[in-house]
Amino acid sequence: GIRRPTKLNDISEIASAHPNEVVNVVESFRMVGRTFLMPPPNVPLDKDSIVDISHESLMRVWVRCKEWVEEEGESVKMYARLSEAAAMYQIGKTGLWRPPDLQVAINWKQKQKPNLIWAQRYDPAFERAMVFLESSRIAYEEEQRSKERLQKRQVQRAKYTAIIVGLIAIIALFAGIFGSLKADEAEKQKAIAEKSLEEARKAEADAKEQRQIALNQRNDADAARKKALKEEENAKRSAALALAEKQRAEDALKEAEKQKVLAQRSANEAKKQKDAADKQKELALENEKKAKKAQEEAETNKKG
């Protein structure tokens, strides 16, 4: 990147911010222990103060600053393309922009919000570039509206055509229907008679089927009643077995509780015996220590 010392007031206009807001930001980056920006912390800031980075090496190691520089570079490239296209359009060597270039430029303008102070650093023809971009947008939107109006007219025309064709078809259809009504009437009467005969035969068959169904249902009812009686007997036997099993389970539970009490007593007794054994072991170790000490004293007296 290239160092570009700038007046605080110019920064304020480029960022479309109040000078006091810019001062607050600069102060955050030039306080003691964080001297990224100049002038030094002891120099008061005003609108004519020159703001610059404190050392060129920051452009290589200050990651956020590098991101800002790259973003600024991309923005400058976009502005340069737009300004060059506006100049070419002014002399009749190119036309207005269309998507995707137009949409990219519109997105850039909405995001970056460039102004005259910023643009003059790179190309003074800012107003011409903005007029070119706006003219491109208006022309493209008008073209889209013209296409929509044309499509609507085509759709309307197609609707009218479809209505006319439909009316002709309806007229032809009615003519054909009227001509065939008389012939169809005789066929209908014949079909009605045949249908009546078929329905009578079907009714007779249905009556036979219903009689057979009733007989089957009666047989099924008898079988179901027998099955219900058998299941009732089985249920009684199962209930008796369940009662017996319940009694055995209760007896087993009582026995288990009894065994649990005995086991607890045994455990308590075993603990007592263990405690007594541990105490005897400690006493034995103490006596052993005393005996060893007495032996050592005896040996000492013997040597003396």
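Reading the values: the criteria
- Residues numbered from 1 in each chain as written.
- Predicted model: local features only at pLDDT ≥ 70, side-chain atom pairs only at ≥ 80, totals over all residues.
- Heavy atoms only, no water.
- Helix = DSSP H or I, 4+ residues; strand = E, 2+ residues; numbered from the N terminus.
- Buried < 20%, exposed > 50% of the residue type's maximum accessible area, 1.4 Å probe, protein only.
- Core = buried A, V, L, I, M, F, W, Y, C linked by side-chain atoms within 4.5 Å.
- Contact = heavy atoms within 4.5 Å.
- Arc of directions from axis to C-beta.
- Phe/Tyr/Trp six-rings, centres within 6.5 Å; stacked < 30°, edge-to-face > 60°.
- Pairing = 2+ DSSP bridges.
- Patch = residues over 30% accessible without salt bridge, like charges linked within 9 Å, V, L, I, M, F, W, Y side chains within 5 Å.
- Areas by Shrake-Rupley, 256 points an atom, 1.4 Å probe, with all protein chains shown as cover.
- Salt bridge = Lys/Arg side-chain N within 4 Å of Asp/Glu carboxyl O.
- Lys, Arg positive; Asp, Glu negative; His and termini not counted.
- Charge placed at Lys NZ, Arg CZ, Asp CG, Glu CD.

1. Quick word on the overall build of the protein chain
Counting its regular elements, the protein chain contains 7 helices and 3 strands. Sequence-ordered secondary structure for the protein chain, helices as α and strands as β, is β-α-α-β-β-α-α-α-α-α. Counting only C-alpha atoms and orienting by the principal axes, one finds that the protein chain spans roughly 135 × 115 × 30 Å. In the protein chain, which comprises 304 residues, the proportion classed as buried is 14%.

2. Comments concerning the nonpolar core
By size, the foremost hydrophobic cluster in this structure holds 18 residues, and its most contacted members are Tyr79, Leu82, Trp97 and Trp108. Of the residues forming this core, the biggest block, 6 residues, is contributed by helix α4 (residues 63–90). Beyond its immediate sequence surroundings of up to four residues, Leu82 is in contact with Trp97, Trp108, Ala129, Met130, Phe132 and Leu133. Grouped together as the second largest cluster of nonpolar side chains are 11 residues, Leu8, Val22, Val23 and Trp62 included.

3. Quick notes on helix α2 (residues 19–28)
For α2, the full list of buried residues reads Val22, Val23 and Val26. The buried residues of α2 occupy an angular sector of 105° when the element is viewed end-on, so they sit on one face. Contacts from the buried residues of α2 go to α1 (8–14), β2 (37–38) and β3 (50–53).

4. Structural notes on the packing of aromatic side chains
As enumerated under the stated definition, the model contains 8 aromatic pairs in all. Seen in terms of ring centroids, Trp108 and Trp118 are 6.4 Å apart; in terms of plane orientation they differ by 50°. Their pairing is tilted. Pair noted here: Trp108 is in helix α5 (residues 101–112) and Trp118 is in helix α6 (residues 116–119), with a separation of 10 residues, a long-range link. The exposure classification of Trp108 matches that of Trp118, with both residues buried.

5. A closer look at the pairing of β3
Bridging between strand β1 (residues 6–7) and β3 involves 2 bridges; their strand directions are antiparallel. Within β3, the position partnered with Thr6 by the bridge is Val51. Two strands pair when backbone bridges link them, and β2 and β3 are joined in this way by 2 bridges, in the antiparallel orientation. Its bridge partner being in β3, Met38 is matched across the sheet by Asp52.

6. A closer look at a negative patch on the surface
A surface patch of like charges, here negative, comprises Asp184, Glu185, Glu187 and Glu194. Residue position: Glu194 is located in helix α7 (residues 126–303).

7. Focus on the pattern of salt bridges
Enumeration over the complete set of coordinates arrives at 14 salt bridges. Its salt-bridge partner being Arg30, residue Glu27 comes within 3.1 Å of it at the nearest N-O pair. You can call Glu27 partly exposed: its relative accessible area is 29%. Judged by relative accessible area, Arg30 falls into the buried class, the value being 1%. Asp101 is the partner of Arg81 in a salt bridge, and the nearest nitrogen-oxygen pair spans 3.3 Å.

8. As for unusual backbone geometry
Looking along the chain, the bond that leaves Met38 and enters Pro39 is cis, with omega of 10°. Mapped onto the fold, Pro39 is located in the loop between β2 and β3. Following Pro99, the chain continues to Pro100 via a peptide bond in cis, the omega torsion being 10°. Examined against the element boundaries, Pro100 turns out to sit in the loop between α4 and α5. You will see that Ser16, though not glycine, has its phi angle at about 55°, which is positive. Its location among the elements puts Ser16 in the loop between α1 and α2. Backbone geometry at Lys113 places phi at a positive 50°, although glycine is not the residue there.

9. Description of the sheet that holds β1
Read across the sheet, 3 strands follow the order β1-β3-β2 without closing on themselves; strand pairing throughout is antiparallel. The sheet is open, and its two edges are formed by β1 and β2, each paired on a single side.

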